[in-house]
Amino acid sequence: MKLVFAGDPMCSWCYGFGKELTALTQRHPELDLQILVGGVRAGATDLLDDTGKQFRLGHWARVEEASGLPFNRAALLARENFVYDTEPICRAVVAVRRLAPQADQLAVFRALQHAFYVDGLDTTDGAVLAEVASAALAQDGHAVTAAALHAEWHSAAAIAVTSAEFSHVRSLGIRSFPALLLDTGDGLYEISPGYAHADKLEQQLQATLQHVAAAA
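Calculation rules
- Residues numbered from 1 in each chain as written.
- Predicted model: local features only at pLDDT ≥ 70, side-chain atom pairs only at ≥ 80, totals over all residues.
- Heavy atoms only, no water.
- Helix = DSSP H or I, 4+ residues; strand = E, 2+ residues; numbered from the N terminus.
- Rg over C-alpha atoms; globule rule 2.2 N^0.38 Å.
- Buried < 20%, exposed > 50% of the residue type's maximum accessible area, 1.4 Å probe, protein only.
- Axes fitted to C-alpha atoms, helices over the stretch in contact; angles between N-to-C directions.
- Parallel < 35°, antiparallel > 145°, perpendicular 65-115°, else oblique.
- Left-handed = near helix turned anticlockwise from the far one by under 90°.
- Contact = heavy atoms within 4.5 Å.
- Nonpolar A, V, L, I, M, F, W, Y, C, P; charged D, E, K, R; others polar.
- Pairing = 2+ DSSP bridges.
- Phe/Tyr/Trp six-rings, centres within 6.5 Å; stacked < 30°, edge-to-face > 60°.
- Core = buried A, V, L, I, M, F, W, Y, C linked by side-chain atoms within 4.5 Å.

Structural notes on the overall build of the chain
Move 1: The helix and strand inventory of the chain stands at nine helices and four strands.
Move 2: Traced from its N-terminal end to its C-terminal end, the chain shows the element sequence β-α-β-α-α-α-α-α-α-α-β-β-α.
Move 3: Relative to its length of 216 residues, the chain is compact, with a C-alpha radius of gyration of 17 Å against a globular reference of 17 Å.
Move 4: Its C-alpha atoms put the chain at 55 × 35 × 30 Å along the principal axes.
Move 5: The proportion of buried residues among the 216 residues of the chain is 49%.

Next comes the structure, spelled out in structure tokens:
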């Protein structure tokens, strides 16, 4: 039995959800966590203009109010010629998983989120992603160099796996992020179809576990 989290590091509600999911997983060390990347704007080619920036800032304000997490608005507003393509950062999550499957994948996912939302880094740049991810892995006790991560990120295999994962997430019927499911081995059960606080997630998880036990 495990939890399945589908999200995208450059989805603002997923950023807010990261704190809540960390709290939930700490309460349930008996449940493994599988992270699936959804690619909310994977392959986007349009430049982020002022209208797009203001649209995102509106979302950021709501996420900040709900989660209490910080946002670097100045960095977003200062961006020029920026394409909000989330495929590169999703591929970084896949590359980390392929090179360090035993690492705390959620911690790395959240480090990538922090790099974009707080540090204001260009998380569409593979070199930046490799530096951030390798530092997060080192903090978790896994020695994977930025060069190794960058090479894996560039690999045809990582590109193919990332694309296949986007398709797999869609095949599960997930159309918005974040999404949290419980995989019992016999089926998938929805815990949360969007952002929710850890206590609410706990309530829904307990209700689902009781339902599964009663049906066994």
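Now that the structure has been shown, the text picks up again.
Comments concerning the packing of helix α4 (residues 87–99) against helix α5 (residues 105–117)
Move 1: The contact between α4 and α5 brings their axes to 10 Å, and the two run at 150°. In terms of orientation, α4 and α5 fall into the roughly antiparallel class. Note on packing geometry: the crossing formed by α4 with α5 is right-handed. Counted together, Ile89, Ala92, Val93, Val96 and Arg97 of α4 and Gln105, Val108, Phe109 and Leu112 of α5 form the full contact between these two elements.

A word on the packing of helix α1 (residues 12–27) against helix α2 (residues 50–67)
Move 1: Between α1 and α2, the least distance of the axes is 9 Å, while the angle of their chain directions is 10°. Classified by the interaxial angle, the pair formed by α1 and α2 is roughly parallel. Contacts between α1 and α2 pair Ser12, Trp13, Gly16 and Lys19 from the former with His59, Trp60, Arg62, Val63, Ala66 and Ser67 from the latter.
Move 2: Across the contact of α1 with α2, the residue classes tally to four nonpolar, four polar and two charged.

Details of the sheet that holds strand β4 (residues 188–192)
Move 1: Overall, mixed pairing links the four strands, which are arranged β2-β1-β3-β4 in an open sheet. For this open sheet the edge positions go to β2 (32–37) and β4, each flanked by a neighbour on one side alone. In this sheet, adjacent strand axes meet at a mean angle of 30° when their direction is disregarded.
Move 2: Pairing analysis gives five bridges linking strand β1 (residues 2–7) to strand β3 (residues 179–183), with the strands arranged antiparallel. Bridging across to β3, lysine 2 finds its partner in aspartate 183.
Move 3: The strands touched by α5 are β1 and β2; relative to β2, the strand with the most contacts, the crossing angle is about 40°.

Concerning unusual backbone geometry
Move 1: In this model, phenylalanine 177 is joined to proline 178 through a cis peptide bond whose omega is 0°.
Move 2: Within the secondary structure, proline 178 is located in the loop between α8 (156–171) and β3.
Move 3: Phi at asparagine 81 takes a positive value of approximately 55°, unusual for a residue other than glycine.
Move 4: Relative to the helices and strands, asparagine 81 is located in the loop between α3 (73–78) and α4.

Points about the packing of aromatic side chains
To describe a pair of aromatic rings, one takes the distance between the centres and the angle between the planes.
Move 1: Tallying each qualifying case throughout the model produces 13 aromatic pairs.
Move 2: Aromatic side chains tryptophan 60 and tyrosine 117 sit 5.3 Å apart centroid to centroid with 70° between the ring planes, which places their arrangement in the edge-to-face category. Of this pair, tryptophan 60 sits in helix α2 while tyrosine 117 sits in helix α5, and the two are 57 residues apart along the sequence. Tyrosine 117 matches tryptophan 60 in its accessibility class, with the two residues each being buried.

Overview of the environment of proline 101
Move 1: Looking at the secondary structure, you find proline 101 in the loop between α4 and α5.
Move 2: The class for proline 101 is exposed, based on a relative accessible area of 51%.
Move 3: Remark: the alpha-carbon pair of proline 101 and leucine 205, spanning 104 residues in sequence, is separated by 25 Å.

Overview of the nonpolar core
Move 1: Counting residues in hydrophobic clusters, the biggest one holds 53 residues, and the most contacted among them are Leu112, Leu137, Leu149 and Leu180.
Move 2: Other than its neighbours up to four places away in sequence, leucine 137 contacts Val96, Ala100, Ala103, Val108, His142, Val144 and Leu149.
Move 3: Of all hydrophobic cores here, the second largest spans 10 residues; its members include Val4, Leu36, Val169 and Phe177.

From the geometry alone we can't say anything about function, so treat these as descriptive.
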